[in-house]
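Structure assessment
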Amino acid sequence: MKKIFIIGNGFDTAHGLHTSYEDFRRFLCDQYIVDEEMNDAIVTIPEVSIGPKGDLVCDEDEVADFLIKIISVAEPNSEYWSELEASLGRLDYSEVFDLLPDEFDEDGDLDDWKTVYNNEDMASTLMVVVPYIKEFFTEWINEIELCDIEVKRGFQKLVGESDLFLTFNYTETLEACYAIKEENICHIHGKQGKEILFGHGNCNQHTDEYMRKFIGAEDMLDELDSFLRKDTKSALKEHSSFFEKIDQTVDAIYTVGFSFGDVDLIYIKEICKKLSDKVVWYLNNYDSSKLPIYQSKIRQCGFKGTFDTFSG
C-alpha cells in the first residue's frame, strides 16, 4: 500500500521559507525601489519604448509600481497580498483608461473614432506592461534559497519509500530536506530553474463588459486575460505519467499546507477518479476551522472515502 501527499505553500512557510504572495509583493518593493507609501496614489501607466533588439520594453521600476497598485486593488485586503493568482483574474483597468482625455468632434460631441483609437493604444500598452508580472514572479521564485531549514520529524515519520508527492510548490524542499526520490514527486506547476506555471483560473469572458467600458480595447483585453490564465489542462496532460501511478493500492492521502483553490481542483478530481472507496483522507488539524470547507470540496471532486485529521 502507498500514500499520496498533496503539498501546498503552507508546507514551505512552515519550514521558514518566505514564499507567500505577500513576500513576493515585498520583493517587488525592495528590488524595484517602489515607494510603498505612494501605493494609494493615482495609477500611472509606464511608458513603452523600443529596445535595442527592436522589442517593446518599459522601465521595470515603473512597471513594478504599476503592477503593485493595480493588483492591490484586486486583492481582498489591498495592503496585504493573499490571493495573487485569483486577483490576476479580476484586474480592473478602469482607472487606467480614465487617464485618457475625452475627445470631441467639431460639434462638441464625443468623437467615437478617436475614443476607439485611444483605447486601442492604451490596450496595446497594457499588453506590454502586465505580462511583466510573470517575469517578476519567476525571478523571485528563482532567488528563494533553501537554507537553515529544520526538518519536521512528524512529517518525516509519515513518509514511506513508495509514497507519491503532488506538490504545488516551486521549491525542492522535499528533495533537499527529506531525500524524496525525484521520480515520486510531481511539481505540477514547475520548479526553480525551470518553466513556471502561474496564473488565475477565471474562465469567464468579459468581452461585452470590455466593449461597453473600453470600446476598441476588448479584443486585446480578452487576450491579456487569456495570457494570465493558468493552463491546468496542459499541466495535467504533461504530468500524466505521475497520475498513472495512482491506483487502488493507495490507502491514504495527506494534504499539507494546501488550500484547495478552485483553479487547482482539476488535479484533485483526477486523483479521486483512481481511488477506492476505502481510502482515508487526512487533513492537517492546523486548519481546523476550514476542515468542513475542504471536506466539501473534496467530496465535490468525487471522493468516496472517509476523512480524518493529523498533526505535523
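This text gives an overview of the structure that appears in the document. (Residues numbered from 1 in each chain as written. Predicted model: local features only at pLDDT ≥ 70, side-chain atom pairs only at ≥ 80, totals over all residues. Heavy atoms only, no water.)

Relative to strand β8 (residues 306–310), strand β7 (residues 280–284) runs parallel, the two sharing 5 bridges. The residue of β8 that forms the bridge with Tyr-282 is Asp-308. In terms of handedness, the path from β7 via helix α15 (residues 291–300) over to β8 forms a crossover that is right-handed. (Pairing = 2+ DSSP bridges. Helix = DSSP H or I, 4+ residues; strand = E, 2+ residues; numbered from the N terminus. Right-handed = clockwise from strand over helix to strand, strands pointing away.)

Another aspect to go through is the sheet that holds β8. Ordered in space as β5-β4-β1-β6-β7-β8, the 6 strands form an open sheet in which the pairing is parallel. The open sheet has two edge strands, β5 (185–187) and β8, and neither has a second partner. Each adjacent strand pair in this sheet contributes to an overall mean axis angle of 20°, direction not counted. Here helix α14 (residues 265–273) sits on the sheet and contacts β1 (2–7), β4 (164–167), β6 (250–256) and β7; the angle it forms with β1, its principal contact strand, is near 170°. Each of β7 and β8 touches α15; the most contacted strand, β7, lies at about 145° to it. (Axes fitted to C-alpha atoms, helices over the stretch in contact; angles between N-to-C directions. Contact = heavy atoms within 4.5 Å.)

Inspection of every chain in the model, using the stated rule, returns 27 aromatic pairs. For the ring pair Phe-24 and Phe-137, a centre distance of 5.2 Å and an interplane angle of 80° mean the geometry is edge-to-face. With Phe-24 in helix α2 (residues 21–31) and Phe-137 in helix α7 (residues 132–143), this residue pair connects regions lying 113 residues apart in the sequence. The same class applies to Phe-24 as to Phe-137, namely buried. Grouping aromatic residues by their ring pairs yields a cluster made of Phe-5, Phe-11, Phe-155, Phe-165, Tyr-178, Tyr-254, Tyr-282 and Phe-310. (Phe/Tyr/Trp six-rings, centres within 6.5 Å; stacked < 30°, edge-to-face > 60°. Buried < 20%, exposed > 50% of the residue type's maximum accessible area, 1.4 Å probe, protein only.)

This part is about α7. Counted at 1.5 Å a residue, the expected span for α7 with its 12 residues is 16 Å, and the 17 Å between its end C-alpha atoms agrees. Listed in full, the buried residues belonging to α7 are Tyr-132, Ile-133, Phe-136, Phe-137, Trp-140 and Ile-141. (Expected span 1.5 Å × (residues − 1).)

Now for the pairing of β4. Each regular strand displays side chains that alternate between the two surfaces of the sheet. Side chains Leu-164 and Leu-166 of β4 all project onto a buried face; the interleaved residues Phe-165 and Thr-167 project onto the opposite face, where all are buried too. Of the pairings in the sheet, the one linking β1 to β4 comprises 4 bridges and is parallel in character. Bridged to Ile-6 within β4 is Leu-166. In this structure, β4 lies alongside β5, joined through 3 bridges in parallel fashion. Within β5, the residue paired with Phe-165 across the bridge is Ile-185. In this fold, the crossover linking β4 to β5 by way of helix α9 (residues 173–178) has right-handed handedness.

Looking now at the environment of Ile-7. Note on placement: Ile-7 falls in strand β1. On a C-alpha basis, the gap between Ile-7 and Leu-174 in space is 9.4 Å, while along the polypeptide they are 167 residues apart. In this view, Ile-7 contacts Phe-155, Leu-166, Thr-167, Phe-168, Asn-169, Leu-174 and Val-256; residues no more than four positions away in its chain are not counted.

Another point: the pattern of salt bridges. Inspection of the entire model under this criterion finds 14 salt bridges. The salt bridge partner of Glu-161 is Lys-181, with a shortest N-O separation of 2.7 Å. Of the two residues, Glu-161 sits in the loop between α8 (153–158) and β4 while Lys-181 sits in the loop between α9 and β5, which places them 20 residues apart along the sequence. For Glu-161, a relative accessible area of 58% puts it in the exposed group. (Salt bridge = Lys/Arg side-chain N within 4 Å of Asp/Glu carboxyl O.)

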